[in-house]
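# What the coordinates show
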2 protein chains.
Amino acid sequence: MQGIEGDCANAIRALAMDAVEAANSGHPGMPMGMADVATVLWQRYLKFDAADPHWADRDRFVLSAGHGSMLIYALLHLTGHARPTIDDIEAFRQVGSPCAGHPENFELPGIEATTGPLGQGFAMAVGMAIAERHLNAHFGDDLVDHRTWVIAGDGCLMEGINHEAVGLAGHLKLGRLNVLWDDNRITIDGAVDLSSSEDIPARYRASGWHVAECDGHDMADIARAIDEALASDLPSLIRCRTIIGKGAPTKAGTSGSHGSPLGASEIEGARAALGWSHAPFVVPDDVREAWLRAGKRGADVHAAWADRLANHSDRETFERRMRGDLPDVAGVGEAYIAGLLADPKTVATRKASEMALEALTAAIPDLVGGSADLTGSNNTKTKATQALTAENYGGRYIYYGIREFGMAAAMNGMALHGGIVPYGGTFLVFSDYCRPAIRLSALQNARVVYVMTHDSIGLGEDGPTHQPIEHLTSLRLIPNCDVWRPCDTVETAEAWIAALERSDGPSVLALSRQNLPQLRTAAGMEAARGGYRLLAAEAPRRVILIATGSEVEIAVKVRARLEAEGIGADVVSMPCWERFDAQPATYRADILPDIDPAALLRVSIEAGATLGWERYTMVNGLRFGIDRYGASGPAKDLYAKFGLTPENITRAVRERLQVQEK
Amino acid sequence: MQGIEGDCANAIRALAMDAVEAANSGHPGMPMGMADVATVLWQRYLKFDAADPHWADRDRFVLSAGHGSMLIYALLHLTGHARPTIDDIEAFRQVGSPCAGHPENFELPGIEATTGPLGQGFAMAVGMAIAERHLNAHFGDDLVDHRTWVIAGDGCLMEGINHEAVGLAGHLKLGRLNVLWDDNRITIDGAVDLSSSEDIPARYRASGWHVAECDGHDMADIARAIDEALASDLPSLIRCRTIIGKGAPTKAGTSGSHGSPLGASEIEGARAALGWSHAPFVVPDDVREAWLRAGKRGADVHAAWADRLANHSDRETFERRMRGDLPDVAGVGEAYIAGLLADPKTVATRKASEMALEALTAAIPDLVGGSADLTGSNNTKTKATQALTAENYGGRYIYYGIREFGMAAAMNGMALHGGIVPYGGTFLVFSDYCRPAIRLSALQNARVVYVMTHDSIGLGEDGPTHQPIEHLTSLRLIPNCDVWRPCDTVETAEAWIAALERSDGPSVLALSRQNLPQLRTAAGMEAARGGYRLLAAEAPRRVILIATGSEVEIAVKVRARLEAEGIGADVVSMPCWERFDAQPATYRADILPDIDPAALLRVSIEAGATLGWERYTMVNGLRFGIDRYGASGPAKDLYAKFGLTPENITRAVRERLQVQEK
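Predicted model, so just to flag it, every value in this text is computed and none were measured. (Residues numbered from 1 in each chain as written. Chains lettered and ligands numbered in written order. Predicted model: local features only at pLDDT ≥ 70, side-chain atom pairs only at ≥ 80, totals over all residues. Heavy atoms only, no water.)

### Describing the overall build of chain A
- A count of helices and strands for chain A gives 26 helices and 20 strands.
- For 662 residues, the compact-globule estimate of 2.2 N^0.38 gives 26 Å, and the C-alpha radius of gyration of chain A, at 28 Å, lies within 12% of that figure.
- Summarising its shape, the C-alpha atoms of chain A cover approximately 90 × 55 × 45 Å along the three principal directions.
- Expressed as a percentage of its 662 residues, the buried residues of chain A come to 68%.
- Partitioning the intrachain contacts of chain A with sequence separation of at least 6 by distance along the chain shows that 77% fall at a separation of at least 24.
- Accessible area of chain A: about 19500 Å², with a carbon and sulfur share of 49%. (Helix = DSSP H or I, 4+ residues; strand = E, 2+ residues; numbered from the N terminus. Rg over C-alpha atoms; globule rule 2.2 N^0.38 Å. Buried < 20%, exposed > 50% of the residue type's maximum accessible area, 1.4 Å probe, protein only. Contact = heavy atoms within 4.5 Å. Areas by Shrake-Rupley, 256 points an atom, 1.4 Å probe, with all protein chains shown as cover.)

Next up, the structure:
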């Protein structure tokens, strides 16, 4: 009924149901339901050039409802992107195909974000829209002038993070963010009204959004609603009333089409209903040509942009930033460290982080900071970073509000957009609130720096709800996430340098509330090795003390006591397990020699869970930590309560050595 | 200006600023700002009896803005609760005082929930309000007829979880939930409008709430607004326009009064402004008497209720349920297990969980289940559990919607309310979404059972966004949280029995999507020991294979191959680390003898992160797992891709043994 455009939409439907059927796994309902909307968007509005999915000024398209992955695979394929090929699609959800179960940014150019964990795609898109306005403020309309589009389902809108994302986008008046809501009134468990009675448009309006509505199966009406959204200066929600699994004769409009293959007879019926007589994975020439034309729609605009870039006075800076090559991080950092060595400071590592950031943010315009309403506690704001607001998108500091998860997801979006290296702060204990986004930073290879202060019972009186115990090692467990717990000003600076120099994943900086002495007396980026000998034994070596962060100071004191008794002890500072584990075996064996603990006792000291430390102490070593919840009181009293004192540890080490001698 | 009631409010203000000053730590702003509202609530409305804070039909009061803990300590003290004493308050935030930095339910009767992690108190209150209506449906107005009150700040309302809690409460029409919003327009970073532009009342109305408003410093207006809320059948938000730090001469109305001691001169000025001439921690007799009268206000109602209970036909059941003594869990469970042993089943452990739940929910009315929109995948719904809806609060199954965090917090609230043992499901990978609430289950000693299915790459095609890697051990790291990964139908039943029999904390059940053979051939609650010898070596023992969940089947196959080569191997199933670690040393040494790995090689097999397994394998043992992200493909292909096959593991074990022999 809708001519070639309708056939183009049906091509998406057919590929979706055929690929899911071939894989015997997947979600046909959403692609079939949103095929018409996606066709209008990609054929008439989305600014892109299939020949160059990396074009910096392309519109960003985020499939927040990532389970409908066949929608984006079909779109990328049909518009003529190099990948996925039809073979890739035929291998949907098989090992080796880039067409994974959920869309993965590291598998296919054109996939802007890895989605599937609900709500996060939407929230990452908010970060992309921030990045666009921020870069626009710095580089102007000639270089940066694009939109961010999202397709989201009821799941994305029901998740808590949606509230944070909507609030942030509304507050920052991100008028270039347009969300197409697949309003199909179905969730996995059944009708949406089984679990929700919300007036969603009213909620969006309450946060400063424009809301448009359309029949999601009427191309003209879809276009009208999008035009309405584009005419608004506000971020917009476009409610698309759709039928999930549209075309499937018995399963359309039901959760039966959501997450399972339709089955042969249902597919046959859908082909008949859609008037789609082609064999599986076959796209007729006229449809293919129409889609390829859409894929080339942006070529002229792209070429004009490339001309403007070529002649732009800021070309080098823009290209450098979009490549993610930071200015001389090491140079800036090492100059700053030289100053520390000349004039040592006893400060909390959160303060040390601020001091490092003062130098780094002044030199590196790519850094955009922020905090989830703990600016003065996280020490994340520097002189160089003025507020980024709806009135000043060029600012470099975001007051994220009490939105830890939203902050983390927005940072992912900024990092994925490119041109920005985001960092943001909260308390380490609230890393739990943003943990799903930290995981996505790591999975997506996104350079995001998490500034997590108040990293142990050392925070004192706020008590167990605020004292991290399990958090350090829980974060260490996340693959591709570097967790840093520096012991002083120098290590903090080295951690910042290392975090910024890696471009393929996130780093978490766990920082103290309490003051710590500067233990390092020489430069050398020692921390970058993850673990290193801070002090070598003087008496014959019997002990290796391994510690992180604020407990390195304790280890140094334990060592002094042991040495005074003629017991030689190394102190190994181990600020980053991941980096240490990546060192050559010879280096690791030098720091932690493979000698029987009976001859060389290994001892760990960290004010957190001991599980996992066996890797470094051996099972028969000693581990000092906290395997229960903390308590409320001054930090000094808590360290005593939990036995983390030089006296207590020295005594226990001495006793163990005596037992071994017997 | 407001007579004795105003003096009563000022007593709260004085105690708050004096205690924070003495501790040199804490948050005076909120208690001072909300003192008038709290006074009206506790003196005129809240149903309680200070003589018995455990009275089952008391109103629940949750201080969601937990940093304002001095508010609740002052209220409990002034109304005549046995604790806190004035000495306790003078020792605010010191080790040993029950007046911890944030309110802790395990420290003081009258504190219904541990709060501080923002947004969760509010969301737990939703669970309490559900519990009230549910128990009312079963026991009637004579026994259950109370309200749930919340004091929440802007932080609670800005957090993502608030959206989930508000949506759930509105959908379930929880008219007995009343939230007093401390609308002081201040956050830590400054004015609320630094980070938010939301029309909060409009958002609440969009979710089916009633919104009232008042001047939070006008007692009559506060009462009028509360009366308005009580007249509505909807959950209600009462917007109380307040001044943070009310009374402080220079810091009131600013974030300067939020989280730091006011200082001596500011306190002096506040005393003058409030007309409060008493020394620190001194409460004049007239004020003390007025407050004590408020604490006895509920005594008569309590006595009448006790009479009704004494004569009630359901007294025993009601008392049993409120005590948390479950009916014969072991008996029901063991009868069910006997059936399994007689008729073994090869099913996924998620299905095995459903089978166990069929027996348990039929016998134990206390169980109230649910899922975050994955009912058919989590297998959480049984015949005995019909839907709990606004039309049928007596139902025992909650369609939580796509609200993992809100579900978990609501379950905490139900468990804390008493009378209910909640369980709820999502995918294990999304345990990250509810992790902050799982931590609070554990910290609060709340019996909540998390049914986490799709527990590894075994889920297959959904790919890395949905495949847990780090989650099992991340959860194991949370103190007081039992993590179960059963290997078959029998262990799954044993895990359920153990989870229900513990009354002092949560349990997480990690369950497979894929089918697993029934390996157990005898009863005996073996799993309850955490780890046990499933199969003993037949040939001379050289190897101990330790595995969990779906990998126990692999261990059994590896053992068969090794034994065929004359290499004796035990198979240890280790479904719960926490339980195994709690066994006597003699038991643990029997299962995992302290013998040099060169003589007895220990091998772990688990389709997740290997970090932490050193505790059981020794560092020189072998660990088979996955320390990177998963992939998309059929489960069988993924196990091969990640080397988790009997062939691969057997080969590696054999090679290691040969090396050791050299």
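Back to the write-up after that little detour.
### Quick look at the UniProt feature "binding site: Mg(2+)" (unreviewed entry) in chain A
All names here are of chain A.
- Those places that UniProt annotates as "binding site: Mg(2+)" (unreviewed entry) correspond, in this numbering, to Asp154, Asn184 and Ile186. A compact arrangement is adopted by the annotated residues: their sequence extent is 33 residues, whereas the largest C-alpha distance between any two is 7.9 Å.
- Looking at where Ile186 falls in the secondary structure, it is placed in strand E4 (residues 186–187).
- What Ile186 contacts, discounting residues up to four positions off in sequence, is Asp154, Ala191, Val192, Ile244, Gly253, Thr254 and Ser255. (UniProt positions renumbered as here; feature names shortened; annotations may be inferred.)

### What about the packing of helix H2 (residues 29–45) of chain B against helix H9 (residues 219–230) of chain B?
Residues and elements named next belong to chain B.
- Contact pair H2 / H9: the axes reach a minimum separation of 10 Å and the direction vectors enclose 60°. In this view, H2 runs oblique relative to H9, as classed from their interaxial angle. Crossing of H2 over H9 shows right-handed handedness. Contact residues: Asp36, Val37, Thr39, Val40, Arg44 and Tyr45 in H2; Met219, Ile222, Ala223, Ile226, Asp227 and Leu230 in H9. (Axes fitted to C-alpha atoms, helices over the stretch in contact; angles between N-to-C directions. Parallel < 35°, antiparallel > 145°, perpendicular 65-115°, else oblique. Left-handed = near helix turned anticlockwise from the far one by under 90°.)

### Regarding the relation of the copies chain B and chain A
- Once chain B is rotated about the relating axis by 180° and shifted along it by 0.0 Å, it coincides with chain A to within an RMSD of 0.0 Å. Taken together, the turn and the small shift mark the pair as related by a two-fold rotation axis.
- When the interface residues of chain B are mapped onto chain A, 100% of them are again interface residues, pointing to one common binding face. (Least-squares fit on C-alpha atoms with pLDDT ≥ 70 in both.)

### Some remarks on the sheet that holds strand E16 (residues 532–535) of chain B
All names here are of chain B.
- In spatial order, the strands read E16-E18-E17-E19-E20; together these five strands make up an open sheet with mixed pairing. In the strand order of this sheet, the two ends are held by E16 and strand E20 (622–624), each with one partner. Strand-to-strand twist across the sheet, computed as the mean angle between neighbouring axes with direction ignored, equals 30°.
- As judged from the six bridges shared by strand E17 (residues 541–547) and strand E18 (residues 568–573), these two strands associate in the parallel manner. Note on E18: the bridge partner recorded for Leu545 is Val571. (Pairing = 2+ DSSP bridges.)

### Observations concerning the interface of chain B and chain A
- If you look at the interface, chain B gives 96 residues, while chain A gives 96 residues.
- Both sides together, the interface formed by chain B and chain A hides about 8000 Å², and carbon and sulfur atoms give 58% of it.
- For the interface between chain B and chain A, the tally reads eight salt bridges.
- Two residues, Arg93 of chain B and Asp462 of chain A, come together in a salt bridge whose shortest N-O distance is 2.9 Å.
- At the junction of chain B with chain A, the criterion picks out 56 residue pairs in polar contact (both at pLDDT 80 or more).
- Take the side of chain B that touches chain A: its biggest share by element is seven residues, from helix H18 (residues 431–443) of chain B.
- Tallied by class, residues from the side of chain B that touches chain A come to 37 nonpolar, 34 polar and 25 charged. (Buried area = accessible area lost by both parts, 1.4 Å probe. Salt bridge = Lys/Arg side-chain N within 4 Å of Asp/Glu carboxyl O. Polar contact = N/O pair within 3.5 Å; in protein donor to acceptor, adjacent residues only side chain to side chain. Nonpolar A, V, L, I, M, F, W, Y, C, P; charged D, E, K, R; others polar.)

### Topic: the UniProt feature "site: Important for catalytic activity" (unreviewed entry) in chain A
- As recorded in UniProt, the sites labelled "site: Important for catalytic activity" (unreviewed entry) are His27 and His258 of chain A. These residues run over 232 residues, yet every pair of their C-alpha atoms falls within 5.4 Å of each other.
- Positionally, His27 of chain A belongs in the loop between helix H1 (3–23) and helix H2 (29–45).
- Judged by its relative accessible area of 11%, His27 of chain A falls in the buried class.
- Beyond its immediate chain neighbours, meaning those up to four positions away, His27 of chain A contacts Val20, His67, Gly68, Arg93, His258 and Gly259 of chain A together with Asp462 of chain B.
- A distance of 3.5 Å separates the side chain of His27 of chain A from the side chain of Arg93 of chain A, its partner in a polar contact.
- As for its position among the elements, His258 of chain A is in the loop between strand E7 (236–241) and helix H10 (264–274).
- The exposure class assigned to His258 of chain A is buried, which follows from its relative accessible area of 15%.

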